[in-house]
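Residue-level listing of the chains:
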Amino acid sequence: MSELYLYECDELGVATVTLNRPEIHNAFNDDLIVALTKKFSEISNDESVKVVILTGAGKSFCAGADLNWMKSMIDYSIEENIKDSQVLSDLFQTINNCKRPVIGKINGAALGGGAGLVAVCDYVIASEKALFGFTEVMLGLVPAVISPFVIAKIGESNARATFLTGERFDANKASSLGLVHQVSLEGDLDTDCAELTKKFIRPAPKAQEVAKDLIRNVISLESATYEQISKYTCETIAERRVSSEGQEGMNALLEKRRPNWKKDS
């Protein structure tokens, strides 16, 4: 059996995770879910990695659930279905909370759970030929596990339109919904993605990690008082200003030189 995913990391710290089941459009099964969760947990704690690219082998990015895997679920009890779904949920949460920036390089179809993978990436660049869809209702199902991540990206109104119809849509429509950040000509995807990664390896690594936390925490504090939100945000910037990265960044600016990022305290 071929590897479920491929992994490489270059000397600049650009890691690439490639879903490697092209014969079935890189569809999920339980083995791939567990393997990806473990890999992204490792990446999150690997300081040599500066940015992660998630993509697919062959013509598709990820077509959702493997049919054979779905077949095995037909006779599952409620309890077995909950347990199985929790494992999948953990994968999305692990990628969503990865300490490293995650770029989704969408080379082809991203449907169902595959579109959920798109939603947990920090930045998404897609081929003009890519196809998207939350197609679960066409099977009598709903995009439940991926919904928190997708709604955070595209909002309630767009979720209503796409979840309830199960329609498939192109990269330009995905961009208008906020699911995709950049659409690339099919032949330029590799080059455009390589240029994009340069933007993500220049900033201070720990600051990027804290910025991801900041976004999640401010959203979670939406119903908090102004005083609570202000306390958190002021403490966060104060901690960054006295950190080794913050000190280096401010000194580099004043001295008109490039910062030399060191391991942050």
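Trainee: Hey, could you go over empty space enclosed by the protein for me, with residue numbers and the actual values?
Mentor: To find the voids left in a structure, one rolls a probe of water-molecule size over its atoms. The full count for this structure, using the stated rule, is one cavity of 30 Å³ or more. Put simply, the largest cavity is a space of about 60 Å³. Considering the residues around the largest cavity, the lining is formed by V49, K50, K99, R100, P101, F200, I201, P203, P205 and Q208. Among the secondary structure elements, those contributing two or more residues to the lining of the largest cavity are α7 (189-201) and α8 (205-220). Taken together, the residues of the lining of the largest cavity break down into six nonpolar, one polar and three charged.

Trainee: Go over the nonpolar core with me, naming the residues and quoting the values.
Mentor: If you look at the biggest cluster of nonpolar residues, it comprises 49 residues, and the most contacted ones within it are F28, F40, I106, L117, F132, F134 and L179. Those residues in contact with F134, other than ones at most four positions away along the chain, are A115, I146, V150, I154, T162, F163, G166, E167, F169 and L179.

Trainee: Describe the pattern of salt bridges, naming the residues involved and giving the relevant values.
Mentor: Taken as a whole and assessed by the stated rule, the structure comprises 14 salt bridges. A salt bridge links D66 to R21; the nearest nitrogen and oxygen atoms lie 3.1 Å apart. Of this pair, D66 sits in the loop between β3 (51-56) and α2 (67-73) while R21 sits in the loop between β2 (14-19) and α1 (30-44), and the two are 45 residues apart along the sequence. Across the pair, exposure class does not vary: D66 and R21 are buried alike. E248 is the partner of R257 in a salt bridge, and the nearest nitrogen-oxygen pair spans 2.7 Å. R257 gets classed as partly exposed once you look at its relative accessible area, which sits at 35%. Here the residues in one salt-bridge network are K38, K39 and E42, joined through shared partners.

Basis of the calculations
Note that residues are indexed from 1 along each chain, following the sequence as it is written. pLDDT decides what is reported in this predicted model: residues at 70 or higher carry local features, side-chain atom pairs at 80 or more are listed and counted, and totals for whole chains, interfaces and linings draw on all residues regardless. Side-chain metrics in this entry use all non-hydrogen atoms of the structure; hydrogen atoms and water are not considered. Cavities and pockets were defined on a 1 Å grid built over protein atoms only: a cavity is a set of grid points that admits a 1.4 Å probe from which the probe cannot escape, a pocket is an open set flanked by protein on both sides within 12 Å along at least five of seven lines, and lining residues are those with an atom within 4 Å of any such point. Grid points are joined across faces, edges and corners, and a volume is the space filled by probe spheres set on the points. Every helix listed is a DSSP run of H or I at least four residues long, and every strand listed is a run of E at least two residues long, numbered separately from the N terminus. In this count, Pro and Cys sit with the nonpolar residues alongside Ala, Val, Leu, Ile, Met, Phe, Trp and Tyr, while Asp, Glu, Lys and Arg are called charged and the others, Gly among them, polar. To form a nonpolar core, buried Ala, Val, Leu, Ile, Met, Phe, Trp, Tyr and Cys residues must be joined to one another through side-chain atoms within 4.5 Å. Each residue is placed in one exposure class: buried if its accessible area under a 1.4 Å probe, protein chains only, is under 20% of its type's maximum, exposed if it is over 50%, and partly exposed if it falls in between. Every residue pair with non-hydrogen atoms within 4.5 Å of one another is taken to be in contact. What counts as a salt bridge is simple: a side-chain nitrogen of Lys or Arg found within 4 Å of a carboxyl oxygen of Asp or Glu.

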